[in-house]
Amino acid sequence: MKTLKRIAAGILSTALLLGMTSCAAAQQTEAANSASFTTIESGKLIMATNAFFPPYEYYEGEKVVGIDVEIATAVAQKLGLELVIEDVEFDSIIAGVQGGKYDIGCAGMTVTEDRLKSVNFSTPYATGIQSIIVTADSEIKDIDTLLGGSYKVGVQSGTTGDIYMSSSPEDGGVGEDRIERFAKGNDAVIALTSGKIDAVVIDNEPAKAFVKSNDGLKVLDTPYTVEDYAMAINKDNVALKDAINQALKELTDDGTIPAIINKYIPAEG
Ligand code: ARG
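Note that this is a predicted model, so its numbers are computed, not measured.

Undergrad: Please clarify how the environment of A107 should be interpreted in this entry.
TA: Of note, A107 is situated in the loop between strand 5 (104-105) and helix 4 (113-116). Along the sequence, A107 and A48 sit 59 residues apart, while their C-alpha atoms lie 7.4 Å from each other. The contacts of A107, once residues within four sequence positions are left out, are T49, N50, F53, E57, D68, F90 and I93.

Undergrad: What is the right way to read the nonpolar core from this model?
TA: Counting 47 residues, the largest nonpolar core has I71, V75, L79, I104, I133, M231 and I244 as the members making the most contacts within it. Of all elements in the fold, only strand 1 (44-49), helix 2 (67-78), strand 7 (126-135), helix 7 (185-193), strand 10 (199-203), helix 8 (204-213), helix 9 (238-253) and helix 10 (256-264) reach the threshold of two or more residues within this core. Examining the composition of this core, we find that seven residues originate from one element, helix 2, more than from any other.

Undergrad: Would you mind showing me how to read the sheet that holds strand 5 here?
TA: In a beta sheet, neighbouring strands are held together by backbone hydrogen bonds and run either parallel or antiparallel to one another. Pairing in this open sheet of five strands is mixed, and the strands run 4-1-5-13-6 from one edge to the other. Looking at which strands have only one partner, the edges of the open sheet turn out to be strand 4 (82-87) and strand 6 (120-121). Both strand 5 and strand 13 (residues 232-233) contribute to a ladder of two bridges, which runs antiparallel. When the bridges of strand 13 are listed, I104 appears paired with I233.

Undergrad: I would appreciate a short explanation of the layout of surface pockets in the present structure.
TA: Here the idea is plain: a probe the size of a water molecule rolls over the atoms and shows the empty space left. Of the volumes computed, that of the largest pocket is approximately 240 Å³. Top element by residues in the lining of the largest pocket is helix 8. It accounts for four residues. Among the residues forming the lining of the largest pocket, the class breakdown is seven nonpolar, one polar and three charged.

Undergrad: Would you mind showing me how to read the environment of I94 here?
TA: Along the chain, the position of I94 falls in helix 3 (residues 93-98). With 139 residues separating them along the chain, I94 and I233 place their C-alpha atoms 8.7 Å apart. When near neighbours in sequence (up to four residues on either side) are disregarded, I94 contacts M109, R115, S118, V119 and F121.

Undergrad: I'm lost on the pattern of salt bridges in this one. Help?
TA: Oppositely charged side chains can pair when the atoms bearing their charge come close. With the rule as written, the count across this model stands at eight salt bridges. Here E205 and K208 are joined by a salt bridge, their closest N and O atoms 3.0 Å apart. Here the residue E205 and the residue K208 both occupy positions in helix 8, the gap between them amounting to three residues, near one helical turn. Salt bridges sharing common partners tie together D162, E176 and R181.

Undergrad: Honestly, the packing of aromatic side chains in this entry has me stumped. Any pointers?
TA: Summed over all chains, the structure comprises three aromatic pairs. Where F53 meets Y56, the ring centres are 6.0 Å apart and the plane angle is 40°; that geometry is what we call tilted. Judged by its relative accessible area of 5%, F53 falls in the buried class. The exposure class of Y56 is buried, given its relative accessible area of 3%. Arranged with centres 5.0 Å apart and planes meeting at 85°, the rings of Y56 and Y229 form a pair that is edge-to-face. Taken together, the residues span a long stretch of sequence, with Y56 in the loop between strand 1 and strand 2 (58-60) and Y229 in strand 12 (residues 226-229) at a distance of 173 residues. Pair check on accessibility: Y56 and Y229 agree, each one buried. Through pairs of rings, three or more aromatic residues link up here, namely F53, Y56 and Y229. Above the ring of F52, the side-chain terminus of K184 is found at 4.5 Å from the ring centroid.

Undergrad: It is not clear to me how empty space enclosed by the protein should be interpreted in this structure. Could you clarify?
TA: All told, the structure shown has one cavity of 30 Å³ or more when counted by the stated rule. Its boundaries defined by the atoms lining it, the largest cavity holds a volume of some 100 Å³. Lining the largest cavity are 15 residues, and of these F53, F90, A107, G108 and T159 lie nearest its centre. Tallied by class, the residues present in the lining of the largest cavity amount to five nonpolar, seven polar and three charged.

Rules behind the numbers
Residues numbered from 1 in each chain as written. Predicted model: local features only at pLDDT ≥ 70, side-chain atom pairs only at ≥ 80, totals over all residues. Heavy atoms only, no water. Helix = DSSP H or I, 4+ residues; strand = E, 2+ residues; numbered from the N terminus. Contact = heavy atoms within 4.5 Å. Core = buried A, V, L, I, M, F, W, Y, C linked by side-chain atoms within 4.5 Å. Buried < 20%, exposed > 50% of the residue type's maximum accessible area, 1.4 Å probe, protein only. Pairing = 2+ DSSP bridges. 1 Å grid on protein atoms, 1.4 Å probe; cavity = no way out; pocket = protein on both sides within 12 Å on 5 of 7 lines; lining within 4 Å. Points joined across faces, edges and corners; volume = space filled by probe spheres on them. Nonpolar A, V, L, I, M, F, W, Y, C, P; charged D, E, K, R; others polar. Salt bridge = Lys/Arg side-chain N within 4 Å of Asp/Glu carboxyl O. Phe/Tyr/Trp six-rings, centres within 6.5 Å; stacked < 30°, edge-to-face > 60°. Lys NZ or Arg CZ within 6 Å of the ring centre and 35° of its normal.

In structure tokens, the structure reads:
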């Protein structure tokens, strides 16, 4: 009898708990994690990004906005932290996270084997595709024409577009000699518009945004690679990674992250 009662009591409290989850869960996460993780500056989550990458991060007046900013703000809120954004060169983000300058790198950053040697990555929260931008009248029709010719390719320094394209032709790139590196994606696009280079290889969403805001350009219909975007976190701060992953999970499950992405990249765009 005693056992039965206990089971009944167990079922009752589970039912109660289930009924309460929606409001309790958010608080529990905060409570459960706040004691176990640390950030560089107490109460703050310092995010490094490179804010010339619409719709993930870009300037609206003086303010950096975009998908990454909104997701990181929501994550910080879950963890009871204030988000601080540092706009830096893209190719300094990993080293800065590794060196303890920034808590996270959040910059439409692709998870790669090589980067995983220097930092941890959160659970991926979005996907990207490397795309090719050319001028509207370009004779470059697809990746094979691009690889096969002697065309000059512009990339943002240190990005996956740079890594793939600057690799040797045997490895699917065009080789160092045909690469022009730029600090920002839009600098590469400006060089393309003025005829200094023949193509830009960059992630598909910024590619679409750049083509929209510059006349006479198009994105080729041949996706090059599919990649996962995630937040880079210092390898020693596993507790922060766990807390961020928990927050990302909750924000995915309750529809917050899908809604943020959909706001900037409406489905069927
Ligand atoms: N996904 C690419 C990479 O990780 C490009 C990211 C560039 N991001 C930026 N905010 N500029 O290498």
